[in-house]
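# Structural overview
Now for the letters of each chain:
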Amino acid sequence: MNETDDFEFRVESRLTSHGVYVDEVTETADGYEVSYESIAAESESVVPHREVGRVINVFRDLHEDDWTGADIDALVTDFEGNKKGHWYVEAEWIDELHNGKLTEIEFSERVVDTITTP
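Residues numbered from 1 in each chain as written. Predicted model: local features only at pLDDT ≥ 70, side-chain atom pairs only at ≥ 80, totals over all residues. Heavy atoms only, no water.

The name an unreviewed UniProt entry assigns to the protein is DUF8159 domain-containing protein, from the organism Natranaeroarchaeum aerophilus.

Structurally, threonine 77 is set in strand β3 (residues 71–77). Using a relative accessible area of 8% as the deciding quantity, one classes threonine 77 as buried. With residues up to four places along the chain from it excluded, the contact list for threonine 77 reads Asp23, Tyr36, Glu37, Ser38, Asn82, Lys83 and Lys84. (Helix = DSSP H or I, 4+ residues; strand = E, 2+ residues; numbered from the N terminus. Buried < 20%, exposed > 50% of the residue type's maximum accessible area, 1.4 Å probe, protein only. Contact = heavy atoms within 4.5 Å.)

Approximately 170 Å³ is the volume attributed to the largest pocket. Lining the largest pocket, in full, are His49, Arg50, Val52, Gly53, Ile56, Asn57, Arg60, Glu104, Phe107, Ser108, Val111 and Val112. Take the lining of the largest pocket: its biggest share by element is seven residues, from helix α3 (residues 49–61). Grouping the amino acids of the lining of the largest pocket by side-chain chemistry returns five nonpolar, four polar and three charged. (1 Å grid on protein atoms, 1.4 Å probe; cavity = no way out; pocket = protein on both sides within 12 Å on 5 of 7 lines; lining within 4 Å. Points joined across faces, edges and corners; volume = space filled by probe spheres on them. Nonpolar A, V, L, I, M, F, W, Y, C, P; charged D, E, K, R; others polar.)

Another point: the packing of α3 against helix α5 (residues 104–112). Where α3 meets α5, the closest approach of the two axes is 11 Å, and the angle between their N-to-C directions is 115°. Relative to α5, α3 is oriented roughly perpendicular. As α3 runs across α5, the sense of the crossing is right-handed. Residues His49, Val52, Ile56 and Arg60 of α3 form the contact with α5, whose own contacting residues are Glu104, Phe107, Val111 and Val112. Per-class residue counts for the contact of α3 with α5 are five nonpolar, one polar and two charged. (Axes fitted to C-alpha atoms, helices over the stretch in contact; angles between N-to-C directions. Parallel < 35°, antiparallel > 145°, perpendicular 65-115°, else oblique. Left-handed = near helix turned anticlockwise from the far one by under 90°.)

Structurally, the position occupied by lysine 83 is in strand β4 (residues 83–89). For the pair lysine 83 and threonine 117, spaced 34 residues apart in sequence, the C-alpha to C-alpha distance is 7.9 Å. Every residue in contact with lysine 83, bar those within four places of it in the chain, is listed here: Leu75, Val76, Thr77 and Pro118.

This next bit is on the packing of aromatic side chains. Summed over the entire model, instances satisfying the criterion amount to five aromatic pairs. Centre to centre, the rings of phenylalanine 7 and tyrosine 32 are 5.0 Å apart; their planes meet at 20°, and the pair counts as stacked. Of this pair, phenylalanine 7 sits in helix α1 (residues 3–16) while tyrosine 32 sits in strand β2 (residues 31–38), and the two are 25 residues apart along the sequence. For phenylalanine 7, a relative accessible area of 8% corresponds to the buried category. Connected via pairs of aromatic rings, a cluster forms that spans Phe7, Tyr32 and Phe59. (Phe/Tyr/Trp six-rings, centres within 6.5 Å; stacked < 30°, edge-to-face > 60°.)

So, on to the pairing of β4. Here six bridges tie β3 to β4, and the two strands are oriented antiparallel to one another. Looking at β4, one finds that threonine 77 is bridged to lysine 83. Hairpin connection of β3 to β4: five residues between the antiparallel strands, including glycine 81 at a positive phi of 90°. (Pairing = 2+ DSSP bridges.)

As structure tokens, this is what we get:
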């Protein structure tokens, strides 16, 4: 198992118990692309904000405290593979959050504002 596979496994392991089923985590030059199936998105027909927060927090938890962030680009689907939404985080936002330039609420608002649905 290489480092990327190990990271994907750790992300998947932490999210499964929250009804978030990771399909793939890909490391890119700027950060990560993640696609996941969501029980809540299927039943509610929206991308739940709390679930988005869980995904981001897992990425934060799996990095060192001095992590300056990475772009995270997420695709949310239902169990049939139908696109339910997309959201993203810019690395700069994570860095500003960690350095006290953004509050958790301001950070969350920025991310929620990126959510798009088909």
